[in-house]
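# Results of the structural survey
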Amino acid sequence: MNTLREDLSTELMDLINTSARMISSADNGVVLTGAGISTASGIPDFRTPGSGLWSRYNPMEVASLTAFRYHPEKFFAWLHPMAKKMFEALPNPAHYAVAILEKAGYIRTTITQNIDGLHQRAGSKQVLEVHGSMESLTCIGCYQKYPAREFIPTFIEQEIPPRCPQCSYILKPDIILYEEQLPKTTWLKAQNACRNCSIILVAGSSLEVTPAATLPQRALENNANLIIINQGRTYLDSRAAVRIEGDLAEIMPLIAQAVLDE
């Protein structure tokens, strides 16, 4: 395809074009995204050696429900630098590419393991956040819900855990911690989307965190095609129709362009 960059290898161009043909011919596309789609926006992933969050922290000590209940100061100390990065981050070309494919009708649902809200900021409308979101907070005392923008900027500046204006209990970000169940309605919608899709594109997920990692299997059970774009291997690589290892911020826009040119 002469509109694609000439410096790309023939093998990569073939994989991009194959992915584009599969997406353009599908009548119900789903995208499943993980932390890898947001690294180009300055948000670290979890498992990259040296830079991944879990290479520096034990998740059960800082990001579990037990940690939040009994050691909230550790939780908020861990959350602070990540919250700052998320609130300063902007969508990158990969997020915009997913939104373009949705707007053009090729992607019906975006399921994300991320909590950064970048898909919505890029323009995606049908987003299922299976691990929750940093966009809101809930009081652990009176259960009142608040927009995060009313509290997170002060938390970022002062590093003081946010508290409920009504009852003074700590406000918990509406993200799913270890030991917590996924939001029921969102999870059921995600499962249903995968059971009924004809193609699923996994973008930037190592497929190691369950139960979200099982979603592509639901699609495969429905004979959907699987495309995986990720830095590193996944347990479903052998079942993927296309597997690309590379920079999502570069590859996703090229796939979107190729789809629109089909």
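Residues numbered from 1 in each chain as written. Predicted model: local features only at pLDDT ≥ 70, side-chain atom pairs only at ≥ 80, totals over all residues. Heavy atoms only, no water.

### Examining the overall build of the chain
- Of regular secondary structure, the chain possesses 10 helices and nine strands.
- In summary, the chain has a C-alpha radius of gyration of 19 Å against a globular reference of 18 Å for 262 residues, a match within 12%.
- Over its C-alpha atoms, taken along the principal directions, the chain stretches across nearly 60 × 35 × 30 Å.
- Considering only residue pairs separated by 6 or more positions, the chain has 67% of its internal contacts joining residues 24 or more positions apart.
- Within the structure as shown, the chain displays about 12,500 Å² of accessible surface, and the carbon and sulfur contribution to it stands at 48%. (Helix = DSSP H or I, 4+ residues; strand = E, 2+ residues; numbered from the N terminus. Rg over C-alpha atoms; globule rule 2.2 N^0.38 Å. Contact = heavy atoms within 4.5 Å. Areas by Shrake-Rupley, 256 points an atom, 1.4 Å probe, with all protein chains shown as cover.)

### Here's the deal with the pattern of salt bridges
- Taken as a whole, this structure holds seven salt bridges when the rule is applied.
- With a closest N to O distance of 2.8 Å, Asp 237 and Arg 243 form a salt bridge.
- When its relative accessible area of 10% is taken as the criterion, Asp 237 is described as buried. (Salt bridge = Lys/Arg side-chain N within 4 Å of Asp/Glu carboxyl O. Buried < 20%, exposed > 50% of the residue type's maximum accessible area, 1.4 Å probe, protein only.)

### Here we look at the sheet that holds strand β9 (residues 242–244)
- Reading across from one edge, β3-β2-β1-β7-β8-β9 is the order of the six strands in this open sheet, with parallel pairing throughout. Because the sheet does not close on itself, it has two edges, and the strands there are β3 (127–129) and β9. If you compare each strand with its neighbour and ignore which way they point, the axes differ by 15° on average.
- Direction of pairing for strand β1 (residues 29–33) relative to strand β2 (residues 107–112): parallel, over a ladder of five bridges. Its bridge partner being in β2, Gly 29 is matched across the sheet by Ile 107.
- Here helix α10 (residues 248–261) sits on the sheet and contacts β7 (199–203), β8 (225–229) and β9; the angle it forms with β8, its principal contact strand, is near 140°. (Pairing = 2+ DSSP bridges. Axes fitted to C-alpha atoms, helices over the stretch in contact; angles between N-to-C directions.)

### Digging into the side chain of Asp 116
- Mapped onto the fold, Asp 116 is located in the loop between β2 and α6 (118–122).
- Buried and without a salt bridge, Asp 116 has Arg 121 as its closest oppositely charged side chain, separated by 6.3 Å.
- A polar contact is formed between the side chain of Asp 116 and the backbone nitrogen of Leu 118, at a distance of 3.0 Å. (Lys, Arg positive; Asp, Glu negative; His and termini not counted. Polar contact = N/O pair within 3.5 Å; in protein donor to acceptor, adjacent residues only side chain to side chain.)

### Some remarks on the pairing of β1
- Summarising burial for β1: five of the five residues are buried, a large majority.
- Of the two faces of β1, the one lined by Gly 29, Val 31 and Thr 33 and the one lined by Val 30 and Leu 32 are each fully buried.
- In this structure, β1 lies alongside β7, joined through five bridges in parallel fashion. Looking across to β7, one finds that Leu 32 is bridged to Val 202.

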